[in-house]
Amino acid sequence: MAATIEETFQRPVGELLRGWRERRRLSQLELANRVEVSTRHVSFVETGRSKPSREMVLRLAEHLDVPLRDRNQLLLAGGYAPIYSEASLHSPSMLAIRTTLRRLLTAHEPYPALVVDRWWNIVESNAGIQIFTADVDEKLLKAPVNALRLTLHPDGLARRLGNLAEVRAAALASLHRQVAGTADPELQDLYDELREYAAGDKTVHPGPTEVVVPMNLRYQGHELSLLTTIATFGTPLDVTVSELMIESFYPADETTAEFLRGLR
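Below you will find a few notes about this structure. Quantities reported herein were computed from a predicted structural model and do not represent experimental measurements.

This part covers the packing of aromatic side chains. Summed over the entire model, instances satisfying the criterion amount to 2 aromatic pairs. The interplanar angle of 75 degrees and the centroid separation of 6.1 Å between the aromatic rings of Y219 and F259 together place this pair among those described as edge-to-face. With Y219 in strand β3 (residues 215-219) and F259 in helix α13 (residues 254-263), this pair connects stretches of sequence that are 40 residues apart. Residue Y219 shares its accessibility class with F259, and that shared class is buried. Lying over the aromatic face of F44, R49 brings its terminal NZ or CZ to 4.1 Å of the ring centre.

Written out as structure tokens, the structure reads:
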């Protein structure tokens, strides 16, 4: 079971770093070579025999691809102040980010697009998202609206998906990788919840000719087929920005494209 944030702060920085190294499936030798220090030094840091400098904590975190939120926790555990800000998306300092997101979302219309945070809560969306929110239980639309729960909950979009099993299998596989990569307890709880929706279902594997899993859904008597892409901000220095994901949907066929253009 993943540790809580409070438990994380109580654990030594070396223990936390060892956890990230093992999560990335690296040996001490491999990590030492990447950071250009001796294997002995890595071992001493992990066992607590040597206290790493602030710069060493950051170097190790960078080569272990530790998320910014967790890099701050490593610094705190090592006795140093966090260096990555975590501003609210609605704060004045984030005006440029909000403006960029709004432009991206608006430019993508009439096709659906949304922005989610680390836990898949929707923080922004465009008008095209109406095809997902129509006819879903109102309880799923109460803030914060979780995109994965909205999609896979039996009272959500799931009942209008023609290929629910495939979409669910792909979503769970992706979320499982995210849980493994972050060890985030909230993501683990979300994964466990979504798996419960699929209790009793058999595992679905893609066919030999499939390259991506489309989302096939019914809307206003039409059968629509959509493909999805995920984009993130490059070189972020703020925790909030680093965790934003822009999910854009595209028509998988001309029939869907024509119908969505008609919604404009």
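There's plenty left to go through after this.
So, about the sheet that holds strand β1 (residues 113-116). Each strand in a sheet pairs with its neighbour through backbone hydrogen bonds, running either in the same direction (parallel) or in the opposite one (antiparallel). Judged by pairing direction, the sheet is antiparallel, and its 5 strands sit side by side in the order β2-β1-β5-β4-β3 without closing on themselves. Here the strands that pair on one side only, and so sit at the sheet edges, are β2 (122-125) and β3. Within this sheet the neighbouring strands show an average axis-to-axis angle of 30 degrees, counted without direction. Of the strand pairs in this sheet, strand β4 (residues 222-231) and strand β5 (residues 245-251) are connected by 6 bridges, and their pairing is antiparallel. Within the sheet, the bridge partner assigned to L227 lies in β5 and is Y250. Contacting β3, β4 and β5, α13 runs over the sheet at an angle of about 85 degrees to β4.

Our focus in this paragraph is the nonpolar core. Counting residues in each nonpolar core, the largest one holds 38 residues, and the members touching the most others are W120, F132, L175, M215 and L217. Residue contributions to this core peak at 5 residues, all from helix α10 (residues 164-182). Counting residues in hydrophobic clusters, the runner-up holds 22 residues, among them V13, L16, L31 and M56.

Turning to the packing of helix α2 (residues 13-23) against helix α6 (residues 68-77), a few remarks are in order. Where α2 meets α6, the closest approach of the two axes is 8 Å, and the angle between their N-to-C directions is 150 degrees. Here α6 runs roughly antiparallel to α2, going by the angle between their axes. Here V13, L16, L17 and W20 of α2 come into contact with α6, specifically with D70, L74 and A77. Of the residues contributing to the contact of α2 with α6, the split by class is 6 nonpolar, no polar and 1 charged.

What counts and how
- Position labels on residues start from 1 in each chain and follow its written sequence.
- Residue-level local features of this predicted model are given only where pLDDT is at least 70; pairs of side-chain atoms are given and counted only at 80 or more, and the full residue set underlies all totals for whole chains, interfaces and linings.
- Side-chain calculation: all heavy atoms of the structure are included, whereas hydrogens and water are not.
- By convention, a stacked pair of Phe, Tyr or Trp rings (six-membered ring in the case of Trp) has centres within 6.5 Å and planes under 30 degrees apart, an edge-to-face pair has planes over 60 apart, and any other such pair is tilted.
- Here a strand is any run of E in DSSP of at least two residues, a helix any run of H or I of at least four, and the numbering for each starts at the N terminus.
- Note on exposure labels: buried denotes an accessible area under 20% of the residue type's maximum, exposed denotes more than 50%, and partly exposed covers the range between, all computed with a 1.4 Å probe on protein chains only.
- In our convention, an over-ring charge means Lys NZ or Arg CZ found within 6 Å of a ring centre and within 35 degrees of that ring's normal.
- Strands pair, by our definition, only if DSSP identifies at least two bridges between them.
- Angles here are taken between N-to-C directions and fall from 0 to 180 degrees, while the axes themselves are lines fitted to C-alpha atoms, restricted in helices to the stretch in contact.
- By definition, residues are in contact when any of their heavy atoms lie within 4.5 Å.
- Grouping buried Ala, Val, Leu, Ile, Met, Phe, Trp, Tyr and Cys residues that are joined through side-chain atoms within 4.5 Å yields what is termed a nonpolar core.
- In these notes the angle categories are as follows: under 35 degrees is roughly parallel, over 145 is roughly antiparallel, 65 to 115 is roughly perpendicular, and the rest is oblique.
- We call Asp, Glu, Lys and Arg charged. Ala, Val, Leu, Ile, Met, Phe, Trp, Tyr, Cys and Pro are nonpolar, and the rest, Gly among them, are polar.

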